[in-house]
Each structure stands twice: as C-alpha cells, then as structure tokens.
Amino acid sequence: MAHPPLLTVDALHTHFQRGSETIYAVNGVSFSVQPGEAVGVVGESGSGKSVTMLSLLGLVRGRVTVRVARAQFKTWDLTRLSRRQLEDVRGRDIGVVFQDPMTSLNPVMRVGDQVMEAMLAHQYAPPRAAFQRTLDLFREVGIPDGATRFRSYPHEFSGGMRQRVMLAVAIACEPELLIADEPTTALDVTVQMQILSVLQALRARRRMSVVMITHDFGVATNFCDRIVVLYAGRVVESAAVSDFLARPAHPYTRGLKGSILEIGSRGRQLNPIAGAPPTLTAAPSACTFAPRCPYALPRCDQELPLLRPFNPGHEVACHRAEEVVDHVG
Amino acid sequence: MSAEAPILSVDEISKDFVVNRRVLHAVRQVSLTVPVGRTVGLVGESGSGKSTVGRLAIGLLPATGGRVVFQDHDLSRLSAKAMRSLRHAMQIIFQDPQASLSPRMTAGAAVYDAMAIHRLGTAKERWARIEMLWERVGLPRSIGTAYPFELSGGQLQRVGIARALALNPQLVVCDEPVSALDVSIQLQIIQLLKTLQEDLGLSYLFISHNLAVVEYLSDTVVVMYLGEVVETAPVEALFERPSHPYTRLLIDSILRVPATGASRQPLTAPGGEMPSPFAPPVGCAFHSRCPLAVDRCRQEVPTLRVIDPEHWVKCHLAD
C-alpha cells in the first residue's frame with residue numbers, strides 16, 4: 001500500500017464489570033482505515049461496533065477495562081495520550097457524530113455558538129473567522145439561511161436539521177477522520193438520503209476518511225468502500241464492498257444478508273438466522289457463531305477461528321470459509 | 001374483496017391537538033377499511049399522523065371529527081361501559097415493548113394482569129392460557145418468571161404479542177412492532193405475526209415507516225403525508241405503479257443492498273424538508289417538496305380520486 005493507514009487498531013479488548021459479572025464486549029478487534037477511505041463497521045446490537053469506537057476515543061465510562069496492542073492515528077499512539085491530549089485530538093483531528101443529535105447538542109446554546117465553540121476550543125480559528133466559517137459550514141451541510149439559523153436552538157430544528165448541525169460541529173476543524181455512529185438511524189428515509197448525500201459530498205471535497213458504524217447493510221454497502229462485520233465483539237469478516245457483495249465468506253454475513261427484507265420479498269420464504277447472539281459473559285474460546293451456524297463442525301465448538309486472509313484484501317474468521325463459499329457459490 | 005363487512009372502518013376521521021395554544025391538525029379526514037382477516041399497512045414519515053390514526057382506530061384517542069366503526073359499533077357513540085367490554089377485541093402492540101411492560105412485573109404477571117383486568121376466566125384458566133400463549137409466540141415456559149430487564153428485545157416483543165393475544169382480539173394495531181429490533185430478529189417477529197394471522201384469523205392495522213416490511217405483510221397500503229392520505233391501493237399496485245410523487249420519493253429513498261459494487265445507488269436526494277404541521281402548505285400539502293409541482297398544485301387542494309380499481313391518489317397530475 002502506498003500510504004500508511006490513517007488509523008490502525010490491533011487487538012482491542014473492552015470488558016465491562018457489571019456486578020460480579022464481566023461483560024466481554026470487545027474481544028480482539030483489529031482493523032485499519034486508509035486515508036480517504038470509508039469503512040462500514042456493521043453488526044447487530046451487542047456486536048461491539050459502538051463500544052469499539054468509543055473505547056478508541058476514550059469515551060467508555062464506568063467499571064471498564066480497555067486493552068489494545070496498538071491504536072495508532074496518524075503519528076499518535078492513542079494509548080499513550082493523556083486525557084487532555086485525547087480530547088484535543090477528538091473534535092480536531094477526529095470528528096464524531098452520534099445517532100441522536102438531541103443528546104449530543106447542548107439544548108440551551110444557540111446552534112451557531114456550538115459550531116463556533118468547536119473551533120474556539122481547539123484554537124482552530126479566532127472568533128471573527130470562526131463566525132464566518134460557521135456560516136460557510138451551514139451552507140456546506142445544507143442548512144439554508146445560516147445567518148438566521150445561527151441564532152436558533154436545537155429544539156427549533158427537525159431531526160434532520162439537527163443532524164446537519166452535528167455534522168457541522170464534527171467537521172468544523174477539518175478532521176481527517178469522521179466517526180459516524182448510526183448517523184441516520186433515527187431519521188426518516190428521505191432525510192437519511194439527504195444526510196448521506198451531504199456526507200458523501202464532504203468526503204469527496206475534503207478527502208476525509210469515514211468510519212460509519214451501522215446496523216444497516218443498505219447504508220453501509222451504498223456509502224462505504226470497505227465493510228467490517230462484527231459479531232459478539234469480534235471481526236468475523238472484512239472486505240472491499242465489491243468482494244463483500246459478490247462473495248461473502250462468513251456464514252453469519254451470509255445469514256445477515258439473507259435476513260434483509262427488501263421490496264419485492266412478498267410471498268417469499270423468510271430465512272431468519274435461528275437463535276440469538278451470545279450473552280458475552282465469558283471470553284470467547286471457540287467460534288461464537290457456531291451455535292447458530294448451519295455449517296458448524298465439532299472443531300468450531302472447540303477452536304477460536306482467527307481473522308485470516310481469504311482473498312487479497314478479504315479476511316474472514318471462519319474455519320470453513322472456503323467450503324462455505326464453494327458450497328453455495 | 002369479499003362481501004363480508006369489514007372489521008374496521010374509519011370514516012373521514014380527524015384529530016386536532018392543541019399545542020401551546022396553536023391547533024395542530026394531526027389527522028385530516030382519513031378513511032380506511034380493514035377487511036376481516038386482512039392486513040392494512042399504514043406508512044408515512046414521522047409527523048405524518050400514522051400512529052395517531054392507529055390510536056383513533058381502536059378508541060384510545062377520541063376523534064375530533066368523523067367516525068370509527070368496529071364490527072357494528074360506532075366507537076364515538078359507545079358508553080364507557082360498552083367500550084370497556086369491546087376493548088379486549090381491539091389490541092395494540094408497540095415499537096418499544098420494554099416501555100409498555102412494567103419493570104416490576106414478571107412476563108407471566110403482565111399477561112395475567114391483562115386477563116384479570118378484563119375478567120377473562122378463572123385464575124387457573126388464566127395460568128393455563130399463559131402456558132399456551134408462550135408456546136404460541138415461541139417462548140419457553142420459563143419466560144413466565146423473568147422480568148423485562150432479563151429479556152432481549154425480540155423476547156420482549158414476543159411477550160407484548162402474547163399479552164395482546166391473551167384477550168382473544170380480533171383486530172390488532174401493530175405500531176412499528178419491529179423497528180427497534182435487529183434484522184435477524186425482525187424476520188422472526190414478522191414470521192410470527194403472519195403465522196398468528198393465519199392461525200387465528202386476526203386482522204391487522206400495521207403501522208410502519210419500513211416499506212419492505214409493509215409490502216411483505218399487507219394486502220392494502222395507505223400512504224400518509226402531513227395528516228392526510230395521499231395514496232391507497234392494493235399492495236401489488238402500490239409498489240408496481242406508485243402514482244403519488246411522495247410514494248415514489250419514499251420508495252426511491254430506500255437503500256437496497258446492491259447485487260454488485262458496480263450497481264450501487266447514487267446518494268442524491270431532492271432538497272426540501274417536511275413543512276411544519278402547524279402551517280401546512282396551501283394547495284397540495286406536498287407541493288413544497290414535489291419535483292413535478294405546477295402552479296395548480298400551489299393553489300388548489302387535490303381530491304383523493306380513483307385512478308384504477310381500489311387505487312386512489314391525491315394528486316392533480318396522477319393518471
């Protein structure tokens with residue numbers, strides 16, 4: 001690869017203490033993000049997709065243990081940064097957008113001031129320039145009549161407009177990486193399309209990398225260059241979107257793809273994946289998908305499958321990936 | 001469609017809310033009928049009024065105008081007592097089963113309670129019925145002693161369904177019952193709802209913003225925008241020949257998983273925001289977002305008119 005990755009994460013573990021129990025939320029997640037690349041981190045609830053990102057950003061709270069072999073963003077080792085330094089990287093070099101803008105925006109602060117504050121806090125621009133830039137940002141994310149809207153409060157905005165404000169805050173200091181955690185999940189489909197088209201334009205214009213955390217394969221496959229699938233706190237598959245679509249190799253990925261109800265499914269037999277995800281109260285020592293897997297062999301209940309190369313640029317954590325793909329094509 | 005009288009007919013129903021001394025016309029002259037044993041899908045975005053219609057349809061909210069007839073009963077004319085005796089026949093399941101179950105009650109107690117309130121059977125009969133219901137909704141018997149916090153989203157929704165079924169309903173309003181669930185669990189619940197309908201002859205008013213789910217389950221689809229019905233048709237006609245520009249916008253906005261990397265959808269969206277429901281546009285309510293709007297649309301309110309058998313559209317330009 002010509003460029004070094006922008007972000008490299010190697011063997012991330014995040015465990016929560018709940019009473020006397022340990023919840024093994026993330027169990028050795030590794031991935032990287034190239035400059036300008038959009039990576040879709042896909043999984044169901046409890047897969048660890050959000051916790052992975054929150055752990056890297058130092059945003060997990062409570063009785064929690066985070067261990068990672070390597071977490072490098074540009075030249076920084078994220079594990080060696082102080083809380084202050086990490087706060088500075090977050091918001092300046094890494095922008096973050098969450099699912100629910102209402103809980104991330106300050107309800108008693110004018111939206112324009114919130115965008116300005118992002119720039120002032122990171123000494124990105126002096127006040128006068130920050131004000132002008134806020135108006136430019138509003139235009140860029142599609143908030144019409146910015147000079148008037150600057151003075152509005154979040155509750156005066158619709159869900160879609162609030163998410164645009166969040167985007168303006170996140171990209172205010174021109175981050176090289178934007179982490180978007182289910183940014184359109186709470187929005188209506190027509191608004192989702194608007195936000196994704198704004199995001200795509202931003203990506204193209206700024207050569208910004210995006211990590212899109214989503215449970216929605218439609219969003220991930222249409223927006224991202226590469227897909228990373230998480231199950232029970234582990235990466236089970238990682239591939240360029242074209243390989244992911246043409247030859248998904250992990251039985252879970254295949255099952256999940258087959259579970260998506262799309263227009264035109266009427267009258268068709270549904271094939272939901274049987275059972276439910278594991279409870280995460282023990283560290284994985286075998287394939288965590290085996291109990292639900294139609295291809296499972298005794299080996300799968302004994303031996304933890306590691307993420308391994310399957311094809312160039314395509315990795316999978318399944319003992320039987322080759323047979324699975326040959327069997328079903 | 002059969003000649004049998006529909007189980008539910010909603011006739012020109014309206015609902016106004018007063019919010020901060022301003023009147024919000026949340027639902028404006030909506031009509032729909034649910035035939036016995038069928039499913040009517042009600043779709044629209046947030047603020048379209050679809051959930052309000054669901055609540056009006058089973059008398060959980062009083063209407064401002066129009067009427068709801070369930071079987072032969074005009075709900076607005078029923079006494080409180082008569083309404084109570086009818087209520088068991090009209091049940092509702094919600095998007096968030098956690099919020100609709102008491103955190104201090106076991107799953108078994110929640111279902112028992114529903115039957116006790118409606119004085120259905122003896123205590124012994126109720127517990128026997130609960131055992132039967134767990135099996136019906138695909139839960140193990142041990143679920144009865146579990147508290148909501150111990151259950152997954154899919155299990156909670158099954159408990160919610162069991163509680164609705166406990167009262168032997170004939171009509172069930174399903175208000176976004178799978179929207180909060182993971183995709184693999186969504187399919188399990190959809191399958192369950194379909195099986196229950198076939199086995200028990202239930203009629204559904206199925207409210208969702210998810211068009212694929214609505215297409216899968218519904219016989220007829222009603223599309224709402226800003227409190228009004230803009231299109232209604234048998235399910236095949238609606239998806240094969242969507243005739244209102246808003247219906248088309250909704251369908252085109254769905255991101256499908258493409259077959260190959262080369263067939264990805266362009267991420268472009270027409271501008272325009274949902275107008276304030278306090279001040280809907282004059283003329284056609286959709287004209288401010290409509291790519292086809294002409295002068296007439298900005299002045300004259302279109303009427304809901306028939307363009308094909310049972311296919312109604314509220315648009316000047318549809319044909």
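Note that this is a predicted model, so its numbers are computed, not measured.

A.B. asks: I tried to follow the overall build of chain A on my own but got confused; where do I start?
C.D. replies: Helix and strand counts for chain A come out as 12 helices and 12 strands. Taking 2.2 N^0.38 as the reference for a compact globule, 329 residues should give roughly 20 Å; the C-alpha atoms of chain A span a radius of gyration of 21 Å, in line with that estimate. Counting only C-alpha atoms, chain A reaches 65 × 50 × 45 Å along its principal axes. Here chain A holds 329 residues, and 54% of them are scored as buried. Across chain A, contacts joining residues at least 24 apart in sequence account for 64% of those joining residues at least 6 apart. Across chain A, the mean location of the 35 positive side-chain charges is 2 Å away from that of the 31 negative side-chain charges.

A.B. asks: Would you mind showing me how to read the interface of chain B and chain A here?
C.D. replies: Reports of interface size often rely on the accessible area that becomes lost once the parts have come together. Between chain B and chain A, the residue contacts involve 45 residues of the former and 47 residues of the latter. Roughly 3900 Å² of surface becomes buried between chain B and chain A when both sides are summed, with 57% attributable to carbon and sulfur atoms. Counting across the interface, chain B meets chain A through one salt bridge. Residue R266 of chain A pairs with D219 of chain B through a salt bridge whose shortest N-O separation is 3.9 Å. On inspection of chain B and its partner chain A, the count reaches 18 residue pairs in polar contact (both at pLDDT 80 or more). If you list the elements that add at least two residues to the side of chain B that touches chain A, you get α7 (183-200), α8 (211-217), α9 (235-240) and α10 (245-252) of chain B. Among the elements that make up the side of chain B that touches chain A, the one with the highest residue count is α7 of chain B (seven residues). Partitioning the side of chain B that touches chain A into residue classes produces 23 nonpolar, 12 polar and 10 charged.

A.B. asks: In this structure, what is going on with the sheet that holds strand β4 (residues 64-73) of chain A? I would like to understand it.
C.D. replies: Strand pairing in a sheet takes place through backbone hydrogen bonds and is either antiparallel or parallel in direction. Residue and element names in this part refer to chain A. An order of β2-β1-β4-β5 is seen for the four strands of this open sheet, with the pairing classed as antiparallel. Of all strands in the sheet, those with a lone pairing partner are β2 (21-33) and β5 (76-77), marking the two edges. In the sheet, β4 pairs with β5 via two bridges, with the strands oriented antiparallel. In the sheet register, F73 faces β5, and the bridge partner there is W76.

Definitions and limits used
- Within any chain, residue numbers begin from 1 and follow the written order of that chain's sequence.
- Here the convention is simple: chains get letters from A, ligands get numbers from 1, in the order in which they are written.
- A pLDDT threshold of at least 70 governs which residues receive local features in this predicted model, and a stricter bar of 80 or more applies before side-chain atom pairs are shown or counted, although totals over entire chains, interfaces and linings include all residues.
- Hydrogens and waters are ignored; side-chain quantities use all the structure's heavy atoms.
- In this text, helices come from DSSP runs of H or I with a minimum length of four residues, and strands from runs of E with a minimum of two, each type numbered from the N-terminal end.
- When we talk radius of gyration, it's over C-alpha atoms, and the globule rule is simply 2.2 Å times the number of residues to the 0.38.
- Think of it in three bands: with a 1.4 Å probe and only protein chains considered, a residue is buried below 20% of the maximum accessible area for its type, exposed above 50%, and partly exposed in between.
- Should any heavy atoms of two residues lie within 4.5 Å, those residues are considered in contact.
- Charge counting follows a simple rule: Lys and Arg are positive, Asp and Glu are negative, and His as well as the terminal groups are ignored.
- For charged residues, the charge sits on one atom: NZ in Lys, CZ in Arg, CG in Asp, CD in Glu.
- Defined here as a combined quantity, buried area equals the accessible surface (1.4 Å probe) lost by two parts on assembly, summed across both.
- A side-chain nitrogen of Lys or Arg and a carboxyl oxygen of Asp or Glu constitute a salt bridge if their distance falls within 4 Å.
- We define a polar contact as two N or O atoms separated by no more than 3.5 Å, with the added condition that, inside protein, one atom must be a possible hydrogen donor and the other a possible acceptor, whereas residues neighbouring each other in sequence contribute only through side-chain atom pairs.
- Residue polarity is assigned by list, with Asp, Glu, Lys and Arg as charged and Ala, Val, Leu, Ile, Met, Phe, Trp, Tyr, Cys and Pro as nonpolar; anything else, Gly included, falls into the polar class.
- Whether two strands pair depends on DSSP finding at least two bridges between them.

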